[in-house]
Amino acid sequence: MTVLMPESLDEACAMLAEGIAKNGEAPTPIAGATDLFVEWPLHADAHSRSYLDMSGATELRAASIEDDAVHLGALTTYWDVVVNHPLVAEFPLLLEAARQVGSVQIQTRGTWAGNIANASPAADGVPVLMAYDATVVVQSEARGRRAIPLDQFYLGYKKTQLAPDELIVDISLPRGLRSVEIFEKVGTRRAQAIAKVGLAITHSEAGWRVVAASMAPVVTRCAHVEHMLEEQKIVKTPQDFLNAIEADVSPIDDVRSNARYRKTVMSRLLYHDLKARCAWIE
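To start, this report covers the structure provided alongside it. (Residues numbered from 1 in each chain as written. Predicted model: local features only at pLDDT ≥ 70, side-chain atom pairs only at ≥ 80, totals over all residues. Heavy atoms only, no water.)

**Considerations on the overall build of the protein**
Scanning the protein for helices and strands turns up eleven helices and 14 strands. Scaling as 2.2 N^0.38, a compact globule of 282 residues should have a C-alpha radius of gyration of about 19 Å, and the protein matches this with 19 Å. Classification of the 282 residues of the protein by burial places 50% in the buried group. Here the protein carries 27 positive and 36 negative side-chain charges, and the mean point of each set is 8 Å from the other. (Helix = DSSP H or I, 4+ residues; strand = E, 2+ residues; numbered from the N terminus. Rg over C-alpha atoms; globule rule 2.2 N^0.38 Å. Buried < 20%, exposed > 50% of the residue type's maximum accessible area, 1.4 Å probe, protein only. Lys, Arg positive; Asp, Glu negative; His and termini not counted. Charge placed at Lys NZ, Arg CZ, Asp CG, Glu CD.)

**Some points on the sheet that holds strand β6 (residues 135-140)**
One open sheet holds the five strands; their spatial order is β4-β5-β10-β6-β7, and the pairing between them is antiparallel. Looking at the sheet topology across the chains shown, the edges are occupied by β4 (63-65) and β7 (144-149). Across the sheet, the mean angle separating the axes of adjacent strands is 20 degrees when strand polarity is ignored. Contacts between helix α1 (residues 9-23) and the sheet are confined to β6, β7 and β10 (167-174), with β10 contributing the most and set at about 130 degrees to the helix. (Pairing = 2+ DSSP bridges. Axes fitted to C-alpha atoms, helices over the stretch in contact; angles between N-to-C directions. Contact = heavy atoms within 4.5 Å.)

**Focus: the sheet that holds strand β13 (residues 207-213)**
Reading across the sheet, the four strands line up as β11-β12-β13-β14 and stay open at both edges, with antiparallel pairing between neighbours. Both edges of this open sheet fall to β11 (178-186) and β14 (220-221), since each of them pairs with a single strand only. In this structure, β13 lies alongside β14, joined through two bridges in antiparallel fashion. Residue valine 211 lies in a different strand from β14, and its bridge partner there is arginine 221. Sitting on the sheet, helix α9 (residues 223-230) is in contact with β13 and β14, with an inclination near 150 degrees to β13. The strands touched by helix α11 (residues 259-275) are β11, β12 (197-204) and β13; relative to β12, the strand with the most contacts, the crossing angle is about 30 degrees.

**A word on a nonpolar patch on the surface**
On the surface, a cluster of nonpolar side chains totalling about 320 Å² of accessible area is made up of Met1, Val3 and Met5. Note on placement: methionine 5 falls in the loop between β1 (2-4) and α1. Residue methionine 5 is classed as exposed on the basis of its relative accessible area, which comes to 56%. (Patch = residues over 30% accessible without salt bridge, like charges linked within 9 Å, V, L, I, M, F, W, Y side chains within 5 Å. Areas by Shrake-Rupley, 256 points an atom, 1.4 Å probe, with all protein chains shown as cover. Salt bridge = Lys/Arg side-chain N within 4 Å of Asp/Glu carboxyl O.)

**Considering unusual backbone geometry**
Notably, aspartate 133 is not glycine yet its phi reads approximately 60 degrees, a positive angle. Along the chain, aspartate 133 falls in the loop between α8 (125-131) and β6. At glutamine 232, a position not held by glycine, the phi torsion is positive, near 55 degrees. Examined against the element boundaries, glutamine 232 turns out to sit in the loop between α9 and α10 (242-248).

**Re α9**
The α-helix advances 3.6 residues per turn, and as a result positions three or four apart in sequence lie on the same side. Where α9 is concerned, the buried positions are Val225, Glu226, Met228 and Leu229. What you see down the axis of α9 is that its buried residues fit within an arc of 155 degrees, all on one side. As for α9, its buried residues are in contact with β13, β14, α10 and α11. (Arc of directions from axis to C-beta.)

Quick look at the structure:
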């Protein structure tokens, strides 16, 4: 295995481009490497890859609060957010999600950008970022920077818009007042377990955001459920959400759960979480 250790973002982008030019393949970027270590014992091909250790690009570590947005640098860890009290006071779902990502050891190494790039449909951090209308900023040596709305970032299971020569450099969250902020994770345990159903809900001047995890090949915004809430359609039981859920997501049967269970749980979470907040949910 080869590990490249750039000392800046520009050097990291140059190493990606050089790897493609020389070998036809970019080295795999790593930050906390928590996902890499999960697959390490089972995937022998991972042992012979080239990796790009981003820890030297310290300019990507900072999280900042600006007038119109909060920015999480690509090396911002879950723990960096947990201990940033002004940030979590304004974005409380970040704290809720960070506290349920694995153990404290994982929280201090794993990064929000890595959670996005890993493209797991069961990610804990991605639903809350998406519910907060996050934008992912990426950079390459050849093309500079571009911004991608997180709800448009995924193309399919483990597929993203990130080009081989691009790195995530920033996650931007617009600031603003929200009347509803909810995060739910249903799993074997609250932490150190993969979600069977994940759900993030927000409401602001921009409208409703309902985001589901472990319910489709990618973390997904649920447009039909959002439309129900925007239209204030009368809901009398959890089952009234099922048609919209089935139009938005396609859960599977796997070792953790089955599709019917997942849809039933999501409908009940929506109903009971929103009943006290929405007069049209009876």
